[in-house]
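Understanding the architecture of this molecule
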Amino acid sequence: SVPLFVSIFIFLLAIPSDLVKDFLIERASKKILQYKKILVIGNIITLFKNYGVVRANQDIEYNAITILDKLTRDVRDADEVILAQSSLGVAQGVVVLNISSSTNDGVNTVIKFYLEDNKLKYMRDGVFLGNLSTSNVKVSNFKIFYINASSTEAIKVELNLEVTPHLYSTSTSKNFYTTILLRE
């Protein structure tokens, strides 16, 4: 009795070599095509993940510009920071500003910036006007420090914004700092 592997070897020798070559080439081509498909799909997934990170950074930058621009404009217009109604030096900061009327009619405007439910909110004369941060951005820190020098008043702002990019489990976070002088 002939061993099985010898029988298979003899059988393979009997097959025309062109047929074996064609079979091997076709099989190798299919394997190469499968590997190419895997590489392309992997690259597409990586591209989407990278786009998610870029988009998260854009959202953070956009929100920082929006928040700090609005805050800067209102602080520069303000005559005073109402310290009794402000929460200074804490992560859930509140700053209340008093702005004189530009028409000299004696009616002042009270502006309030405050952090609630991880959103920076804006209020004018007791009326809530909306969030300054977008729905996908979490404001985790809004610290306000009051600076009173001999001839100037200012506020220092620490702002931390977070976004969780699509297809990621961890957040992207950035800190922003500014100091704004009140008008004299």
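Residues numbered from 1 in each chain as written. Predicted model: local features only at pLDDT ≥ 70, side-chain atom pairs only at ≥ 80, totals over all residues. Heavy atoms only, no water.

Now for the sheet that holds strand S5 (residues 127-131). Taken in spatial order, the five strands of this open sheet run S1-S2-S3-S4-S5, and their pairing is antiparallel. In the strand order of this sheet, the two ends are held by strand S1 (80-81) and S5, each with one partner. For strand S3 (residues 109-116) and strand S4 (residues 119-124), the ladder comprises six bridges, and the chain directions are antiparallel. Its bridge partner lying in S4, leucine 115 is registered against leucine 120. (Pairing = 2+ DSSP bridges. Helix = DSSP H or I, 4+ residues; strand = E, 2+ residues; numbered from the N terminus.)

Time to look at the packing of aromatic side chains. As enumerated under the stated definition, the model contains one aromatic pair in all. Ring geometry for phenylalanine 113 versus tyrosine 122: centroids 5.1 Å apart, planes at 55 degrees, classification tilted. Like phenylalanine 113, the residue tyrosine 122 is buried in the burial classification. It is lysine 112 that lies over the ring of tyrosine 114; its NZ or CZ is 4.9 Å from the centre. (Phe/Tyr/Trp six-rings, centres within 6.5 Å; stacked < 30°, edge-to-face > 60°. Buried < 20%, exposed > 50% of the residue type's maximum accessible area, 1.4 Å probe, protein only. Lys NZ or Arg CZ within 6 Å of the ring centre and 35° of its normal.)

Another point: unusual backbone geometry. For aspartate 117, which is not glycine, the phi torsion reads 55 degrees and is therefore positive. Summarising the element assignment, aspartate 117 is placed in the loop between S3 and S4. Aspartate 117 gets classed as exposed once you look at its relative accessible area, which sits at 64%. At aspartate 125, a residue that is not glycine, the phi angle is positive and equals roughly 50 degrees. For aspartate 125, the position within the fold is in the loop between S4 and S5.

Sheet topology note: the strand S2 (residues 94-99)/S3 ladder contains six bridges and is antiparallel. Considered in S3, the bridge of leucine 97 is made with isoleucine 111. The antiparallel hairpin formed by S3 and S4 contains two residues in its connecting segment, where aspartate 117 sits at a positive phi of about 55 degrees.

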